Amino acid sequence: MADTKREIERKFEFETSKAARRGVPDLTGTAGIAEVADRGTVDLDAVYYDTPDQRLAADGLTLRRRTGGADAGWHLKLPVSPGVRDEIAAPLSDSLPRSLAALVRSRVRGGGLRPQVRLLSSRQVSHLLDADGTLLAELSTDSVRAEAEPAGTEAAVTEAAGAGGAAVTEAAAGAVATWTEVEVELADGVDPALLDAVEKKFRKAGIRVSDAPSKLARALAETGTGPAPRPGPGPAEGTAGAYVLAYLREQRDALVAQDPAVRRNLPDSVHQMRVASRRMRSAFKTYRKILDREATDPIGEELRRLGRELGVDRDQEVLHERFQAGLEDLPNTLRHGPVRGRLRTWNNGRRAASRRRAVAFLDSPRHLALLDAIDALIADPPLLPAAAKPAGKALPKAVLRDYERLAGRIEHALSLEPGQERDHALHDARKAAKRARYAAEAAAPALGKPADRHAKAMKSVQTLLGDHQDSVVAREALRGLAEQATAAGESAFSWGVLYAREEALAASHERELPEIWDKASDPALRKALAP
């Protein structure tokens, strides 16, 4: 089992040897701190693991096996924001626990893990308490010795690999570095303003915020074991190819970063991962004159499959939230039968299956091969001659092509009578609106405000068409819920009311579309984009 804790902390270091000799000032009276209680000294021994090319460290993750102290075990720390990390802990064992191996799989893949540094720390601990004796924060002063590349254990190699986790290999001892640092970690629910007050007090005592984001980062830097720069080939700065590749790197990073979030079932993680896959697929198509489609098309197809696998879970999540809100909005006179229980049963069964399906796909060799293929493409991009052109000339043409594609689909959809055929046409237009929006977003760093305005205009169309499609999907699901209720001897009345509301909502969206499209297709927006 793994436990998760939100860690909000700030690390400090002494500016001078004189400040170090004085030590940490008394914090009593600072920001509600009534007592500084000495909790003694503890010796900690932590080995940090990473891939040979240090992919975890590059993304701000730390994975360690630590003995000593009250929380001995395996710890994985995932960045949330500056000074905030989620620490996921698992019991002490020789091998990397499966739960943690899964969370680093999108980065480790088949590369394996090996020890990077060993940190031996003598930690002096104090608790910062308020007037009631409630813990506000833990203050630690660590005397740290970092030893580069300690040896791993044979048990870790065998068991981690056999569990479907990441293999751990041995490495020889290397350079050594020592330093002293001070760390203040907030207790749960404490206002982060406490850290600001402590920092102010520390500054006066010659103690400043550390430049290193973590002990591991400092150890790698000071022992000279950090990753070597990997510039690789690439197009010249300011060219169309440079901007497109920067956009692809951003989406690749999002795919990798959202993988552990999806596994942890964090809010909106499935959606964000799908969006990254769609943006990359769209970029391949939009900028097909910049990147060779013979190389990008196979990756695009795998991204499409990823989107479908994740979509089952995401669609169920959206439908449940939609129906839950719809039932709450119904007056009691229109809420007949055990509708909340019916919805809960329907969602629990479907969501459990959809989550298993999504996580199983992320664990599949096919998905890991996709991530490797994306990395290879970005490292050695299949650039076409247009990639060398100035971004201000090549990118607008691609953006405007996608706009024209959307315009044709909107015109076709509006020419049809309301019904199933129009619903399908509007769905096709929605997909084209996404592509037109993503094209403009990718070009915005090069083209500036005209591309930003165009992207916002396309987003307004996408949003309306998305709401319409959600209503189409919702009606089909409501029909199924009504049938289940009827078969169980329950009233289907409330589901029918929601169905009618969805039908009216879809009709309303269709009436709004011409006006929304008229604003979004303003010729002035396109003229501003023209090269």
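Everything below is about the structure shown above.
Conventions and cut-offs
Residues numbered from 1 in each chain as written. Predicted model: local features only at pLDDT ≥ 70, side-chain atom pairs only at ≥ 80, totals over all residues. Heavy atoms only, no water. Core = buried A, V, L, I, M, F, W, Y, C linked by side-chain atoms within 4.5 Å. Buried < 20%, exposed > 50% of the residue type's maximum accessible area, 1.4 Å probe, protein only. Helix = DSSP H or I, 4+ residues; strand = E, 2+ residues; numbered from the N terminus. Contact = heavy atoms within 4.5 Å. Expected span 1.5 Å × (residues − 1). Pairing = 2+ DSSP bridges. Phe/Tyr/Trp six-rings, centres within 6.5 Å; stacked < 30°, edge-to-face > 60°. Polar contact = N/O pair within 3.5 Å; in protein donor to acceptor, adjacent residues only side chain to side chain.

A. The arrangement of the nonpolar core in detail. Counting 46 residues, the largest nonpolar core has L248, F284, Y287, I290, L303, I374 and L395 as the members making the most contacts within it. Of all the secondary-structure elements, those providing two or more residues to this core are helix 8 (240-263), helix 9 (269-286), helix 10 (293-329), helix 11 (339-363), helix 12 (365-379), helix 13 (391-414), helix 14 (420-447) and helix 15 (449-487). Not counting residues up to four positions away in its chain, the partners in contact with Y287 are V244, L395, A398, V399, A439, A442 and A443. In this structure, L406, A413, L426 and L464 belong to the second largest nonpolar core, which totals 21 residues.

B. Helix 9, seen in detail. A rise of 1.5 Å per residue sets the reference length of helix 9, with its 18 residues, at 26 Å; its end C-alpha atoms lie 25 Å apart and thus fit the reference within 8%. Within helix 9, 14 of the 18 residues are buried, leaving the element largely enclosed by the surrounding structure.

C. Fine view of the pairing of strand 3 (residues 62-67). As judged from the five bridges shared by strand 2 (residues 35-50) and strand 3, these two strands associate in the antiparallel manner. When the bridges of strand 3 are listed, Y48 appears paired with R64. Sheet analysis places strand 3 next to strand 4 (residues 73-81), joined by five bridges and oriented antiparallel. Looking at strand 4, one finds that L63 is bridged to L76. Here strand 3 folds back onto strand 4, and the loop between the two strands holds five residues, one of which, G68, carries a positive phi near 95°.

D. Broad picture of unusual backbone geometry. The phi angle at R109 is positive, at roughly 55°, despite the residue not being glycine. Tracing the backbone through its elements, the reader meets R109 in the loop between helix 4 (105-108) and strand 6 (114-129). With a relative accessible area of 12%, R109 lands in the buried category. Within the chain, D268 stands out as a residue other than glycine whose phi angle is a positive 70°.

E. Highlighting the packing of aromatic side chains. One pass over the full model with this rule turns up four aromatic pairs. Aromatic side chains F12 and F202 sit 4.9 Å apart centroid to centroid with 85° between the ring planes, which places their arrangement in the edge-to-face category. Highlighted residues: F12 in strand 1 (residues 3-14) and F202 in helix 6 (residues 193-204), separated in sequence by 190 residues. When the centroid spacing of 5.7 Å and the interplanar angle of 40° are considered together, the rings of F323 and W346 count as tilted.

F. How the structure looks around the side chain of T223. Along the polypeptide, T223 turns up in the loop between helix 7 (215-222) and helix 8. For T223, a relative accessible area of 8% translates into the label buried. Here T225 takes part through its side chain, which lies 2.8 Å from a polar atom of the side chain of T223. Those residues in contact with T223, other than ones at most four positions away along the chain, are V117, A146, A148, A175, V176 and A177.

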